[in-house]
Amino acid sequence: MISVVVNQVERVFEGERLDALLGELSLPPKGIAVAVNGEVVRRVDWASRRLADGDVVDVLTAAQGG
Amino acid sequence: MLSIAGVGLSSRLILGTGGASSLAVLERAILASGTELVTVALRRVESSEHGLLEMLGRLGVRLLPNTAGCYTAHDAVRTARMAREAFETDWVKLEVIGDERTLLPDGVELVRAAETLVDEGFVVLPYTSDDPVLAKRLADLGCAAVMPAGAPIGSGMGIANPSYIRLIREAVACPVILDAGIGTASDAVLAMELGCDGVLLASAVTRAADPASMALAMRHAVVAGRLAAEAGRIERRSYAVASTSDSGLVTWT
């Protein structure tokens, strides 16, 4: 069990990999970008990316903006 | 036709999506504007509105992600990389803000970020100031267009320094897109008359009392300004030049 910070909220996570964490969040199917500790993790790498205690995960999507 | 990085756009109007009161209002404005390219921002999922991407996808418009809210090259580059992943496009409207009150760009950070992103294969469209030297630096380092501010974002002040916009048009070979400051249709016409290749605006439409009508006005304004620029206006003079010939004029006795 590890503790990660997802979009600035601390969260206990029982799995190991990024795709499992993302599966726990209710995310729109498209238009998502994920960074771990500030670095983009490409969609194809979500399943293989292992998370560590204290990792900071940011999940971003489209918003209105000029 | 406006061509950016080899992509042809039949509308010279680029619409920012910020500031609309609802997605339905935004959709009507996009349709009325005739634009083929709209900006989007990137925000944390829980604070963003669902349905925006679906609506833009349905309309078939191309996305231009922005780096709005970034104050350093470092943050802007990271945001651009995230945008490329989220929206599957290499295009980015690069904003690196230098001052909270005016939201004018930080030229030093902007050049730094543009260099990195051009190297990484992005099609970089920088929001820049109306400085012709800075615009040339951005064009020379490989930006696909330069987008000078007419006036501060959302100010509706129009084009504060028209002669500098004209100088930018002379200084660079890439497209020049007037970005920010537009308040009403005549501002967009002026931008095009000064030689700009396109106009990017958001607030002027999204915060108008009737966004769809203003979007339609902007669509016509950009077309009118472009036609006028190409048609070649008459010289300004201090005195009249009669348009009706005196030949055959009757003299009453």
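Residues numbered from 1 in each chain as written. Chains lettered and ligands numbered in written order. Predicted model: local features only at pLDDT ≥ 70, side-chain atom pairs only at ≥ 80, totals over all residues. Heavy atoms only, no water.

### Quick look at the packing of aromatic side chains
Residue and element names in this part refer to chain B.
Move 1: Within the structure shown, the criterion is met by 0 aromatic pairs over all chains.
Move 2: Over the ring of Trp91 we find Arg62; its NZ or CZ atom is 4.7 Å from the centre of that ring.
Move 3: Sitting above the plane of the Tyr127 ring, Lys93 keeps its charged end 5.6 Å from the centroid. (Phe/Tyr/Trp six-rings, centres within 6.5 Å; stacked < 30°, edge-to-face > 60°. Lys NZ or Arg CZ within 6 Å of the ring centre and 35° of its normal.)

### Structural notes on the confidence of the model for chain B
Move 1: Of the residues in chain B, 99% reach a pLDDT of 70 or more, and the chain-wide mean stands at 96.
Move 2: Under the prediction, the complex receives an ipTM of 0.90, its pTM being 0.92. (pLDDT = per-residue confidence, 0-100.)

### Focus: the side chain of Thr39 of chain B
Move 1: Within the secondary structure, Thr39 of chain B is located in strand E4 (residues 37-44).
Move 2: When its relative accessible area of 0% is taken as the criterion, Thr39 of chain B is described as buried.
Move 3: For Thr39 of chain B, the side chain forms a polar contact with the main-chain oxygen of Gly66 of chain A, separated by 3.4 Å.
Move 4: Discounting chain neighbours no more than four positions away, the residues touching Thr39 of chain B are Gly65 and Gly66 of chain A together with Leu15, Gly16, Thr17, Leu64, Lys93 and Leu200 of chain B. (Helix = DSSP H or I, 4+ residues; strand = E, 2+ residues; numbered from the N terminus. Buried < 20%, exposed > 50% of the residue type's maximum accessible area, 1.4 Å probe, protein only. Polar contact = N/O pair within 3.5 Å; in protein donor to acceptor, adjacent residues only side chain to side chain. Contact = heavy atoms within 4.5 Å.)

### Side note on the interface of chain B and chain A
Move 1: In this assembly, 31 residues from chain B lie in contact with 26 residues from chain A.
Move 2: Taking both sides of the interface into account, the surface hidden between chain B and chain A amounts to around 2,300 Å²; carbon and sulfur atoms contribute 56%.
Move 3: Ionic pairing is found between Asp58 of chain A and Arg44 of chain B, a salt bridge with its closest N-O pair at 2.4 Å.
Move 4: Here chain B and chain A share 16 residue pairs in polar contact (both at pLDDT 80 or more) between them.
Move 5: Only helix H1 (23-33), E4, helix H2 (52-59) and helix H3 (73-87) of chain B provide two or more residues apiece to the side of chain B that touches chain A.
Move 6: Grouping the constituent residues of the side of chain B that touches chain A by class yields 14 nonpolar, 8 polar and 9 charged.
Move 7: Sheet topology note: the strand E5 (residues 56-63) of chain A/E4 of chain B ladder contains 4 bridges and is antiparallel. Residue pairing across strands places Thr61 of chain A opposite Arg43 of chain B, the latter belonging to E4 of chain B. (Buried area = accessible area lost by both parts, 1.4 Å probe. Salt bridge = Lys/Arg side-chain N within 4 Å of Asp/Glu carboxyl O. Nonpolar A, V, L, I, M, F, W, Y, C, P; charged D, E, K, R; others polar. Pairing = 2+ DSSP bridges.)

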